Amino acid sequence: MASKSRTGRRKKTTGRKKNNVQQSFVADEIIIWLTLAASILLLLSIFGLGGAAGGAVSAVLFDLFGYSTYLVPFLLFGAVTFVLSNRGNKAAYVKTGAAILLFVLITTFLELLLEEGGFLGGAVTGVLVPAIGTAGTYVVDVILMIICAVIITGKSALKGVKERGGQAYGRAREDAARRKELAQTRRMIRQKEAQRELEEAKKEAKALEKEEKESLRRKDRHVSGVSFDTTLGEKGKSPDVKEITPPAGEDLFAQEAADMELPFEETKEAVQAEEPSFVINRAQMPEETIREEQPEISGETAAAEEKKTRRTKMGAEAVAMEAAQVGQMAAEADAAPKKEYRTPPISLLTKGKNTGGDSDAHLRETARKLQETLHNFGVNVTITNVSCGPAVTRYELQPEQGVKVSKIVGLTDDIKLNLAAADIRIEAPIPGKAAVGIEVPNKENAVVHLRDLLESGEFKNSKSAIAFAAGRDIAGKPVVADIAKMPHLLVAGATGSGKSVCINTMIISILYKASPEDVKLIMIDPKVVELSVYNGIPHLMIPVVTDPKKAAGALNWAVAEMMKRYELFAKYNVRDIKGFNEKTENMTPEEREGKPGKLPQIVIIVDELADLMMVAPGEVEEAICRLAQLARAAGIHLVVATQRPSVNVITGLIKANMPSRIAFSVSSGVDSRTIIDMNGAEKLLGKGDMLFYPSGYQKPARVQGAFVSDKEVQAVVEYLKKQNGEASYSEEIVTEVNSTASSLGSVPSGDVSAGGDGRDAYFAEAGRFIIEKEKASIGMLQRMFRIGFNRAARIMDQLCEAGVVGPEEGTKPRKVLMSMEEFEAYIEENM
Ligand SMILES: Nc1ncnc2c1ncn2[C@@H]1O[C@H](COP(=O)(O)OP(=O)(O)OP(=O)(O)O)[C@@H](O)[C@H]1O
């Protein structure tokens, strides 16, 4: 009853609300029509067509406003309709107020100019003229009129001036370029002419010489005192002179252009000074590393040396690295016979260019547009901070008191439209800040090179052997994570979004940080092409696994290894791998004899979980879950990547056991929710743009992933193979993986699987399950064993043949004919 009456009340309230809305809409409409009528009547009256009453009203208006009376009908209608249609919008009220003030100012102006401002104009001038004089009143009046116009139109009056200035500058620049071109063409023509003249002159000289000789021969003593040079002189001088003389015009134009650039720069600065003030944070990526690596150069020489050092830095670095390696080799020869791991030189990786994203001017312009767009929708915000990251820029907004955050989120599409951005992501609010973050893609995308991150303090100072340089965050700061703390990571995203590059950066990070004694890798790559390049590096425990059946074997081996490690820990009375390694390290060589040595951390990397789940869903899921639940203390960590973030690949169980996630760009919000339990990844830009969500973060962080090319990977692998020798794979593991694989091969590869006697491998289990549940249905078997319909139906037929279940009975379920004891006896006899 109570609930009924409540529902009734709610209905009534909704109905009342609807009625109210309807009524106010009708009232508005009536007011607008009435205002239109009044305005038209006024207009007619003003022009003497309003009859006696109209005439009286018009006389009063003319007395009040003078010539401005002509504007009254328009102002009346405009103001009423504008206010009604923008009810509740503060901006609209301000604009209406500005329009009324403009009317008063016009009236004042008419009073000043023609003494036709009526009572109103007279009153205003009566106050202003004695106070600031007629000229002063003109100035104040005009300036106020301009301000009103700016408020009403929302357009800057100065913008036109700026634009025109810019256009003039552009035109002047074009002119200068054109003149330069002309001068060049002219110079070329002159050169050609000169050449032609020279040739002609030569010809003439030859001819003359010939003539001379001939004449000399004929009448040698007749001509004297005329030298050959003098004859040639006048014609010969021009070409050289012309060539050497610098074209005076060109310099002049260059100077002109330089002169013009100066004022433009100044205006730019002036414009910037006008803009709202907020801090722009941007990452100066490679510079920090340059500073770190440069030797100290004193005083004036520093600037001159800087250029040189930059150019020769790679070489110097390589030399230093080589020298360090030689020292290491010598130490090795002295100390242990065991081969020390040689970290690959950093010069094998590419250094990033110093591209700092979009220009400050562009960021300020976008910030202004953002503010204006929100303002137009009645949301007033202040921009407090701008962080320019490698791929996106985050604008931090502080809304005015009383503005709902959800209102800003609701304006996403309008902001996108006004900024002409491909996609924007709104973080409302930014965790730990009293601000809303709007992330807008940069016009210029900067690639984050892995080398810059490996050289950063964050990575170098990380104590973990399995530190991973993920990329740079929105403020351009390096993001370095510790895989040991993750402790298992799920990487998902659409194809081409950057997963494989991310896995590569992770592997290379490990190779630069840890020796094979400390960290071992197992790589599973059903896609074959992605990780095979690493075959042969000393960190690999077994060659890269490309066969999905063997992959399940490798995972099973890891489970067994984990259990073995736990037994060891129990024996040595330690809690985890760290404790165990500390204990073995502190042992004397005698104590150590015959006991297991230091245990390496193991990172298992799977690039494409979907392929594994297709072949052996049950085994793979089970192994992953067991590892994920327990492997942390044993020092075994899983990194699983997939391009199919659907629930049958990333099952609930897998998800629950993988606390750290990286989401790359996906096609829909559903996929995003499958990966990180919230929307957002569908708004990413691809190419390494990711939402990084390791365990411990409150919200995913937007990070631009590091980039490492296949060529760089190849170079590092080649170096490792050459310097550290080929990997010596653990025979024991390889055979174990292979044997598991061959046993697996007969089990669940799709629907074609049968036991030794032609029965399905799940026959016994299915029989027990059906007897236990006392219900025989194919769907149940499908769900239980995660198998297809065909295979489940075949198992059911086999159970029917064995007399465990009865035959099909139309739509009714089959009867269960055996008890558990009978079935166990049957199995013992027949299998
Ligand atoms: N961090 C990054 N910075 C710049 N570009 C990147 C980055 N990551 C990936 N890309 C670009 O995206 C392309 C695709 O990346 P990648 O091969 O890693 O995708 P994927 O998700 O593994 O795709 P698939 O699932 O099909 O293998 C790369 O060739 C590269 O050009």
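Because the structure is a prediction, the values reported are computed rather than measured. (Residues numbered from 1 in each chain as written. Predicted model: local features only at pLDDT ≥ 70, side-chain atom pairs only at ≥ 80, totals over all residues.)

A separate point is the overall build of the chain. A count of helical and extended segments in the chain gives 29 helices and 15 strands. Every one of the 831 residues in the chain was classed for burial, and the buried ones make up 32%. In the chain, the proportion of contacts linking residues at least 24 apart, taken out of those at least 6 apart, comes to 67%. (Helix = DSSP H or I, 4+ residues; strand = E, 2+ residues; numbered from the N terminus. Buried ≥ 20, exposed ≤ 12 C-beta atoms within 10 Å, placed from the backbone. Contact = placed C-beta atoms within 7 Å.)

A few words now on the packing of helix H3 (residues 72–85) against helix H4 (residues 90–114). H4 packs onto H3 with a crossing angle of 170° between their chain directions and a minimal axis gap of 10 Å. With respect to each other, H3 and H4 are oriented roughly antiparallel. Listed contacts from H4 to Leu75, Gly78, Ala79, Phe82 and Val83 of H3 are Ala92, Tyr93, Thr96, Ala99, Ile100 and Phe103. Split by residue class, the contact of H3 with H4 holds nine nonpolar, two polar and no charged. (Axes fitted to C-alpha atoms, helices over the stretch in contact; angles between N-to-C directions. Parallel < 35°, antiparallel > 145°, perpendicular 65-115°, else oblique. Nonpolar A, V, L, I, M, F, W, Y, C, P; charged D, E, K, R; others polar.)

Let's shift gears to the packing of helix H2 (residues 51–65) against helix H5 (residues 118–153). Each pair of packed helices can be summarised by the angle the axes make with each other and by the distance between the axes. Interaxial distance between H2 and H5 falls to 2 Å at its minimum, and their mutual angle equals 15°. As the angle between them shows, H2 and H5 are arranged roughly parallel. Taking contact as the criterion, the partners of Phe62, Asp63, Leu64 and Phe65 in H2 are, on H5, Gly118, Phe119 and Leu120.

At the junction of Met486 and Pro487, the peptide bond is cis and its omega measures out at -25° in the coordinates. Residue placement: Pro487 occurs in the loop between strand S8 (478–482) and strand S9 (489–492). If you check the backbone angles, Glu774 has positive phi at about 55° while not being a glycine. Looking at the element boundaries, Glu774 is found in the loop between helix H26 (763–773) and helix H27 (778–785).

Val491, Ile522, Met523, Val603, Leu627, Val640 and Ala663 are the most contacted members of the largest nonpolar core, which totals 122 residues. Sorting elements by how many residues they give to this core places helix H16 (residues 499–513) first, with nine residues. No fewer than three residues from each of domain 3 (360–441) and domain 4 (485–734) sit in this core. Those residues in contact with Val603 that lie beyond four places of it in its chain are Ile466, Ile483, Ile510, Val519, Leu521, His637 and Val639. (Core = buried A, V, L, I, M, F, W, Y, C linked by C-beta atoms within 7 Å. Domains from an automatic or database assignment.)

Okay, the UniProt feature "binding site: ATP" (unreviewed entry) in the chain next. When the UniProt feature table is mapped onto this chain numbering, "binding site: ATP" (unreviewed entry) sits at Gly493, Ala494, Thr495, Gly496, Ser497, Gly498, Lys499 and Ser500. The topology assignment puts Gly493 in the loop between S9 and H16. Setting aside anything within four residues of it in sequence, one finds Gly493 in contact with Gly498, Lys499, Gln643, Ala663, Phe664, Ser665 and Val666. Given 25 C-beta atoms within 10 Å, Gly498 falls into the buried group. The residues contacting Gly498, other than those within four sequence positions of it, are Gly493, Phe664, Gly686, Lys687, Gly688 and Gly705. (UniProt positions renumbered as here; feature names shortened; annotations may be inferred.)

Once that is clear, we can look at the site of the ligand. Looking at the ligand, there are 15 residues lining it, with Thr495, Gly498, Ser500, Val501 and Gly688 nearest. Those elements that provide at least two residues to the shell around the ligand are H16 and strand S15 (701–707). For the shell around the ligand, a count of residues per class yields four nonpolar, nine polar and two charged. (Near = placed C-beta within 6 Å.)

Our next topic: the pairing of S8. With four of five residues buried, S8 is to be regarded as a mostly interior element. Examined bridge by bridge, strand S7 (residues 467–473) and S8 share five bridges and lie antiparallel to one another. Bridge assignment links Ala467 to a residue of S8, and that residue is Asp482. The turn linking S7 back onto S8 is made up of four residues, and Gly476 within it adopts a positive phi angle of 85°. (Pairing = 2+ DSSP bridges.)

Attention now moves to the pairing of S15. Of all seven residues that make up S15, six are buried, and the element is covered over most of its length. Two elements, strand S6 (residues 448–449) and S15, share two bridges in a ladder whose sense is parallel. Note on S15: the bridge partner recorded for Val448 is Ala706. Of the strand pairs in this sheet, S7 and S15 are connected by three bridges, and their pairing is antiparallel. In the strand pairing of S15, Asp473 is matched with Val703. In terms of strand pairing, strand S14 (residues 689–693) meets S15 through four bridges, oriented antiparallel. Within the sheet, the bridge partner assigned to Asp689 lies in S15 and is Gln704.

This brings us to H2. Its 15 residues give H2 an end-to-end C-alpha distance of 20 Å, which sits within 8% of 21 Å, the value for a rise of 1.5 Å per residue. Of the residues flanking the end of H2, it is Gly66, one or two places downstream, whose phi is positive at about 65°. (Expected span 1.5 Å × (residues − 1).)

With that settled, the discussion passes to the environment of Glu458. With respect to the helices and strands, the residue Glu458 is situated in helix H15 (residues 457–460). When the C-alpha positions of Glu458 and Val480 are compared, they lie 6.5 Å apart, and in sequence the two are 22 residues distant. Excluding residues within four positions of it along the chain, Glu458 makes contact with Pro478 and Val480.

Take the environment of Gln629 next. By the secondary structure assignment, Gln629 is in helix H21 (residues 617–634). A count of 13 C-beta atoms within 10 Å places Gln629 in the partly exposed class. Counting along the chain gives 141 residues from Gln629 to His488, while the straight-line C-alpha distance between them is 9.5 Å.

The next point concerns the confidence of the model for the chain. For the chain, per-residue confidence averages 75 on the pLDDT scale, and residues scoring 70 or more make up 71% of the total. Per-element mean pLDDT across the chain ranges from 37 in helix H7 (residues 228–244) up to 93 in H16. Confidence over residues 215–275 falls short of pLDDT 50; this stretch has 41 contacts with residues more than four positions distant or in other chains. In this model residues 285–337 is a low-confidence stretch, pLDDT under 50, and it forms 24 contacts with partners more than four residues away in sequence or in other chains. We note a pTM of 0.54 for the whole complex and an ipTM of 0.97 for its interfaces. (pLDDT = per-residue confidence, 0-100.)

Moving on: the environment of Gly55. Tracing the backbone shows Gly55 in helix H2. Excluding residues that lie within four positions of it along the chain, Gly55 makes contacts with Ser45 and Gly50.

This paragraph deals with H5. Here H5 spans only 27 Å end to end across 36 residues, well under the 52 Å set by a 1.5 Å rise per residue. Those residues of H5 not exposed but buried are Gly118, Gly121, Val124, Thr125, Thr137, Asp141 and Cys148. Backbone geometry just downstream of H5 places Gly154 in the positive-phi region, at approximately 75°.

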